[in-house]
Amino acid sequence: MEKLLIVANFKSHMNNNEAKNWLETFLTYKNNLLKVENKEIIIAAPYTLLMGFNLSFASTNIKIASQDISMFDEGAYTGEVNGRQIKDFASYVIIGHSERRENFKETDDILSEKVKMALKQGIKPIYCVQGAETKVPEGVEIVAYEPQFAIGSGTPDTPENAEKVCAELVSRSSNFIVLYGGSVNSNNVASFTKNGKIMGVLVGGASLDPHEFYKIIENA
Ligand code: PGA
């Protein structure tokens, strides 16, 4: 069986000092984390923290993700961070999150370009969809089902429905590794992962507390 993917998404939270505190606390669990073999732990940090997180986790099995990627290659694109730059610090990237679709007007075409840029650099896209009908660009293997009503609301989807949507996605491509995201915490994570139909979770708010994120890893 594939490893369960446990992805923390910090979103636009944490300055450098707060990140140091988070790391210090999370790394008190280092010995236990090093023993985790059946779960891939991935932390999607803001750009400003990627280098520090990459260094801090260098001697561990924990992987780093970026929360975005430029749709362009290197060049005159003020403010953009491109795939080659991200590749130095991260092996995964979140693409297509509903917060980016909504607040930054990212369209399917833009998202397809971003996926291409990630794949060109060997960075694995974690592609978010709101339902089984959302278009998924070619080359994507990790898909996160994230119903909008469940994001940050404290009201997750039911495990039954999440499993149903994940199964629909897998029936579209047997290569898909499908995750669930939306109000996941240490109390409900097992209800999503226990049947082996959902292959991991994407955790927003609850990942900001390092103790809680560790508990999610433990309970998943
Ligand atoms: P949440 O966010 O866990 O805070 O609901 C999930 C996400 O947006 O990835």
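Anything mentioned here points back to the structure above.
Everything in this summary refers to the structure shown in the same document. (Residues numbered from 1 in each chain as written. Predicted model: local features only at pLDDT ≥ 70, side-chain atom pairs only at ≥ 80, totals over all residues. Heavy atoms only, no water.)

1. Examining the overall build of the protein
Tallying secondary structure elements over the protein gives nine helices and eight strands in all. Its C-alpha atoms give the protein principal-axis dimensions of about 45 × 40 × 30 Å. Taken over 220 residues, the protein has a buried fraction of 51%. The contacts in the protein between residues at least 6 apart in sequence include a share of 66% that link residues at least 24 apart. Put simply, the protein shows about 10,600 Å² of open surface, and 49% of that area lies on carbon and sulfur atoms. (Helix = DSSP H or I, 4+ residues; strand = E, 2+ residues; numbered from the N terminus. Buried < 20%, exposed > 50% of the residue type's maximum accessible area, 1.4 Å probe, protein only. Contact = heavy atoms within 4.5 Å. Areas by Shrake-Rupley, 256 points an atom, 1.4 Å probe, with all protein chains shown as cover.)

2. Some details on the nonpolar core
Grouped together as the largest cluster of nonpolar side chains are 58 residues, with contacts concentrated most on Trp22, Phe26, Ile43, Phe53, Phe57, Leu169 and Phe213. For Ile43, the residues in contact, after removing those within four places along its chain, are Ala8, Phe10, Trp22, Phe26, Phe53, Phe57, Ile62, Lys63, Ile64, Ala65 and Phe213. In terms of nonpolar packing, the next biggest core, distinct from the first, is built from 14 residues, Leu5, Ile42, Ala144 and Leu179 among them. (Core = buried A, V, L, I, M, F, W, Y, C linked by side-chain atoms within 4.5 Å.)

3. Regarding the pattern of salt bridges
Under the defined criterion, the tally for this structure stands at 10 salt bridges. For Asp68, the salt bridge is made with Lys114, and the minimal N-O distance between the two is 2.7 Å. Linking Asp68 in the loop between strand S3 (63–66) and helix H4 (83–87) with Lys114 in helix H6 (residues 108–120), this pair joins segments that are 46 residues apart in sequence. Each member of the pair, Asp68 as well as Lys114, carries the same accessibility label: buried. Where Lys116 meets Glu113, a salt bridge forms, and the shortest distance between an N and an O atom there is 3.1 Å. Of this pair, Lys116 and Glu113 are both found in helix H6, three residues apart, which corresponds to roughly one turn of the helix. Owing to a relative accessible area of 28%, Glu113 belongs among the partly exposed residues under this scheme. One salt-bridge network, held together by shared partners, links Asp68, Arg100, Glu106 and Lys114. (Salt bridge = Lys/Arg side-chain N within 4 Å of Asp/Glu carboxyl O.)

4. Some details on the packing of helix H1 (residues 16–26) against helix H9 (residues 210–219)
Each pair of packed helices can be described by the angle between their axes along with the distance between the axes. Packing of H1 against H9 brings their axes to within 9 Å, and their N-to-C directions diverge by 45°. In terms of axis orientation, H1 runs oblique to H9. Crossing of H1 against H9: the hand is right-handed. Contacts between H1 and H9 involve Trp22, Thr25 and Phe26 from the first element and Pro210, His211, Phe213, Tyr214 and Ile217 from the second. Across the contact of H1 with H9, the residue classes tally to six nonpolar, two polar and no charged. (Axes fitted to C-alpha atoms, helices over the stretch in contact; angles between N-to-C directions. Parallel < 35°, antiparallel > 145°, perpendicular 65-115°, else oblique. Left-handed = near helix turned anticlockwise from the far one by under 90°. Nonpolar A, V, L, I, M, F, W, Y, C, P; charged D, E, K, R; others polar.)

5. Thoughts on the site of the ligand
If you check the shell around the ligand, you find 13 residues, and the closest are Lys11, His97, Glu146, Gly152 and Ser183. Contact distances for the ligand include 2.6 Å between an oxygen atom and a backbone N or O atom of Gly152. The separation between an oxygen atom of the ligand and a polar main-chain atom of Ser183 is 2.8 Å. Relative to its free-state accessible area of 280 Å², the ligand is covered by the protein chains to the extent of 95%. Taken together, the residues that form the shell around the ligand break down as four nonpolar, seven polar and two charged. (Near = heavy atom within 4 Å. Polar contact = N/O pair within 3.5 Å; in protein donor to acceptor, adjacent residues only side chain to side chain.)

The quantities given are spatial measurements derived from coordinates; they are silent on function.
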